[in-house]
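# An overview of the molecular structure
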Amino acid sequence: METSGGIQASLSGRYATALFELARDSKTIDAVEASLADVRAALEQSPEFARLVASPLVSRQDAAKAVAAVAASIGVDGTTKNFLGVLAENRRLSQLPAIIRAFRSLAANHRGETKAEVTSAHPLSAAQVDALKQQLRTRIGRDVSVDLSVDPALLGGLVVKIGSQMIDSSIKTRLNTLAHAMKG
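What comes next is a walk through the structure.

### Some details on a nonpolar patch on the surface
- Side chains of L155, I171, L175, L178 and M182 sit close together on the surface and give an oily, nonpolar patch of about 500 Å² of accessible area.
- Tracing the backbone through its elements, the reader meets I171 in helix 9 (residues 171–183).
- Using a relative accessible area of 36% as the deciding quantity, one classes I171 as partly exposed.

### What to know about helix 4 (residues 47–54)
- Of the residues making up helix 4, those classed as buried are F49, L52 and V53. One face of helix 4 carries all of its buried residues, which in axial projection span an arc of 95 degrees. Facing away from the buried surface of helix 4 by more than 90 degrees, the exposed residues are E48, R51 and A54.
- Against the buried residues of helix 4 lie helix 3 (29–45), helix 5 (60–74) and helix 7 (96–110).

### Quick notes on helix 6 (residues 78–89)
- When the terminal C-alpha atoms of helix 6 are compared, their 17 Å separation across twelve residues agrees well with the 16 Å that a helix rising 1.5 Å per residue should span.
- At the exit of helix 6 stands R91, carrying a positive phi of roughly 55 degrees.

### Describing the sheet that holds strand 2 (residues 144–150)
- On the basis of which strands lie adjacent, the open sheet formed by four strands has the order 2-1-3-4 and mixed pairing. At either end of the open sheet lies a strand with only one pairing partner, and these are strand 2 and strand 4 (165–168). With strand direction ignored, the average angle separating the axes of adjacent strands in the sheet is 20 degrees.
- Judged from the four bridges that link them, strand 1 (residues 114–120) and strand 3 (residues 158–162) form a sheet pairing that is antiparallel.

### Topic: the side chain of T80
- Tracing the backbone through its elements, the reader meets T80 in helix 6.
- A polar side-chain atom of T80 sits 2.5 Å from a polar atom in the side chain of D77.
- Not counting residues within four places of it along the chain, the set of residues in contact with T80 comprises V32, S35 and L36.

Reading guide: rules and limits
Residues numbered from 1 in each chain as written. Predicted model: local features only at pLDDT ≥ 70, side-chain atom pairs only at ≥ 80, totals over all residues. Heavy atoms only, no water. Patch = residues over 30% accessible without salt bridge, like charges linked within 9 Å, V, L, I, M, F, W, Y side chains within 5 Å. Areas by Shrake-Rupley, 256 points an atom, 1.4 Å probe, with all protein chains shown as cover. Salt bridge = Lys/Arg side-chain N within 4 Å of Asp/Glu carboxyl O. Helix = DSSP H or I, 4+ residues; strand = E, 2+ residues; numbered from the N terminus. Buried < 20%, exposed > 50% of the residue type's maximum accessible area, 1.4 Å probe, protein only. Arc of directions from axis to C-beta. Contact = heavy atoms within 4.5 Å. Expected span 1.5 Å × (residues − 1). Pairing = 2+ DSSP bridges. Axes fitted to C-alpha atoms, helices over the stretch in contact; angles between N-to-C directions. Polar contact = N/O pair within 3.5 Å; in protein donor to acceptor, adjacent residues only side chain to side chain.

Written out as structure tokens, the structure reads:
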């Protein structure tokens, strides 16, 4: 797990740290984290929004207007809305995915949680996520927040990364291991 010092070393980490400190001081960490989750979902679900965020060709003014419109449509909190505007003005929207990851790490660390990155072949239900969190809590000995993503190429199973530790129970890896063993 990254320390806050490690997070601050990168550009996205400095932005995430600034947002986290602002949210902590205004006691809105949960609201900002929920808003950033909505922004992340919008990036994943809208290729147009993802292109806007990544494009260096969009003017600061146009980027700020577009981000404000997206923020209003998904209902982010005021702190996050203002932060997105600052990113647009500073031409740092391309850092948004990394900033969101760093903020989640800071928030999890603040709550005394360990962050796990979980990749599954299919979206997990709320019950499956709760069961996974419980299993990870038992294994690690502390609360775990999960950062979920979906990769259909896994075919089935999960890949869980906690710091430098990886647990790969995906069908794709099992098939590759079996194929390698049969060649040998």
